[in-house]
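Take a look at the letters that make up each chain.
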Amino acid sequence: MIANNWIERMFLILFFIAFHFNSNAQTKNQNFQNQKVDFYELRGTNAVDVAVGTSVMNGDYVDPQFEIFFHAGYKRFLFPHLSLNVAYNKFNLAYKDVFNEGFMSFDANLESTLFPHCKFSPFLFAGAGYNAANYFEQTAMKVQGGAGLEYIVTEGIGLILYTDYNYVMSDELDGLIAGASDDTYFRIGFGLNYYFGGEKKKNRILKDQPTIINSNQILPNN
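Each chain carries its own residue numbering, running from 1 in the written order of its sequence. Where totals are concerned, whole chains, interfaces and linings use all residues; where local detail is concerned, this predicted model gives features only for residues with pLDDT of at least 70, and gives and counts side-chain atom pairs only at 80 or more. Hydrogens and waters are ignored; side-chain quantities use all the structure's heavy atoms.

*Asks:* I tried to follow the overall build of the protein on my own but got confused; where do I start?
*Replies:* Per the convention used, a helix needs a DSSP run of H or I reaching at least four residues, while a strand needs a run of E reaching at least two, with both numbered from the N terminus. Along its length, the protein carries 4 helices and 9 strands. Counted from the first residue to the last, the protein has its helices and strands arranged as α-α-β-β-β-β-β-β-β-β-β-α-α. Here's how the labels work: a residue is buried when its accessible area is under 20% of the maximum for its type, exposed when over 50%, partly exposed in between, all with a 1.4 Å probe on protein chains only. When each of the 222 residues of the protein is scored for burial, the buried share is 43%. Intrachain contacts of the protein at a sequence separation of at least 6 include 61% that bridge at least 24 residues. Looking at the protein as shown, the accessible area adds up to about 12500 Å², and 61% of this sits on carbon and sulfur atoms. Should any heavy atoms of two residues lie within 4.5 Å, those residues are considered in contact. Methods summary: accessible areas were calculated by the Shrake-Rupley approach with a probe of 1.4 Å, and residue burial reflects only the protein chains presented.

*Asks:* Just checking my understanding: could you explain the environment of Asp164 for this structure?
*Replies:* Within the secondary structure, Asp164 sits in strand β8 (residues 157-168). Considering only alpha carbons, one finds Asp164 and Ala126, 38 residues apart in sequence, at a separation of 8.9 Å. Residues in contact with Asp164, not counting those within four places in the same chain, are Phe125, Gly145, Gly146, Tyr185, Phe186 and Arg187. Side chain to side chain, Asp164 and Asn166 meet in a polar contact 3.0 Å long. N or O atoms within 3.5 Å of each other form a polar contact, as long as, within protein, one can give a hydrogen and the other can take it, and as long as residues adjacent in sequence are counted only when both atoms are side-chain atoms.

*Asks:* Looking at this structure, how should I read the packing of aromatic side chains?
*Replies:* Here the aromatic set is Phe, Tyr and Trp, taking the six-membered ring for Trp, and pairing holds for ring centres within 6.5 Å; pairs whose planes are under 30 degrees apart are stacked, those over 60 apart are edge-to-face, and all others are tilted. If you walk through the whole model with that rule in mind, you get 11 aromatic pairs. Plain terms: the ring middles of Phe77 and Tyr195 are 6.1 Å apart, the flat faces sit at 40 degrees to each other, and that makes the pair tilted. With Phe77 in strand β3 (residues 67-79) and Tyr195 in strand β9 (residues 184-196), this residue pair connects regions lying 118 residues apart in the sequence. As far as burial versus exposure is concerned, Phe77 and Tyr195 are alike and both buried. Pairing Phe91 with Phe103 gives two aromatic rings, centres 6.1 Å apart and planes at 20 degrees, and the pair type is stacked. You can see Phe91 sitting in strand β4 (residues 82-95) and its partner Phe103 sitting in strand β5 (residues 99-113), a full 12 residues away along the chain. Of the two residues, Phe91 and Phe103, neither departs from the other in class, the shared state being buried. Taken together, the ring pairs in this structure connect Phe39, Tyr40, Phe77 and Tyr195 into an aromatic cluster.

*Asks:* Whenever I open this one, the pairing of strand β6 (residues 120-133) confuses me. Can you help?
*Replies:* Two faces belong to every sheet, and in a regular strand the side chains alternate between them. In the sheet, β5 pairs with β6 via 11 bridges, with the strands oriented antiparallel. When the bridges of β6 are listed, Ser112 appears paired with Leu124. Here a strand pair is declared whenever DSSP counts at least two bridges between the two strands. Hairpin connection from β5 to β6: 6 residues lie between these consecutive antiparallel strands. In this sheet, strand β7 (residues 139-154) lies alongside β6 in antiparallel orientation, the contact comprising 13 bridges. Note on β7: the bridge partner recorded for Phe125 is Gly146. Linking β6 to β7, which pair antiparallel, is a turn of 5 residues; within it Tyr135 sits at a positive phi near 65 degrees.

*Asks:* Is there a simple way to explain the environment of Phe196 in this structure?
*Replies:* Structurally, the position occupied by Phe196 is in strand β9. Judged by relative accessible area, which is 34%, Phe196 ranks as partly exposed. For Phe196, the contacting residues outside a window of four places in its chain are Gly44, Thr45, Asn46, Ala47, Val48 and Tyr74.

*Asks:* How do you make sense of the nonpolar core when you look at a structure like this?
*Replies:* Grouped burial of nonpolar side chains is what soluble globular proteins tend to show. Counting 17 residues, the largest nonpolar core has Met57, Phe91, Leu93, Phe103, Tyr162, Leu173 and Tyr185 as its most contacted members. At the level of elements, β1 (46-58), β4, β5, β6 and β8 are the ones that each hand at least two residues to this core. Grouping buried Ala, Val, Leu, Ile, Met, Phe, Trp, Tyr and Cys residues that are joined through side-chain atoms within 4.5 Å yields what is termed a nonpolar core. Ranked by size, the runner-up nonpolar core spans 7 residues in total, among them Tyr40, Ala47, Phe77 and Tyr195.

*Asks:* Whenever I open this one, the confidence of the model for the protein confuses me. Can you help?
*Replies:* Atomic detail in the predicted coordinates should be set aside for any region of low pLDDT. Of all residues in the protein, 73% attain a pLDDT of 70 or more, and the chain-wide mean is 82. In this model, residues 27-33 is a region of pLDDT below 50 whose contacts with residues beyond four sequence positions or in other chains number 7 contacts. Known as pLDDT, the predictor's per-residue confidence is scaled from 0 to 100.

Right, here's the structure in full:
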């Protein structure tokens, strides 16, 4: 229960921050003269992301403990607001004095960047994955979803903070089959996105955009 309450507070904090900064982002966004180019100058069509953080179990035992979590992934933007990403995650799940086991998961998500033309943007994601104990002694399918915040500190580099909820289609994750529902766990990560690609699209947009001279031609007197 303590872990669940802590995660709920984390979600509330994330969405409060997102709401506050999104209002500012929308105001600033109105002043941008070339939003299509902004995306490619801040981000790109591809990204590699890495993160470290903590994971916590929500299963059949009491007193879950926060354990270490590592994430590495790749994402491909289908268009500025939507990307497809795949990731490898290595983490531990534990209960005090009862259980501590290493796991890994392979996840695939659709991710929505709400303000892709701004330095600061919240993002949402959801998808499915494959969960496995170390050495694949125990495996199960799962679904997951989450939310986070990103801030572009310099062109092509974004800091991220996010949390996700994972529902495993098995009640054996912690080695104990009890209760009416399957096991779940949460993860919280802090890391960065490294963006690349998109120069051709950016140049194409700039080429097709009329310049001040072309759009305000001075015609000679007849």
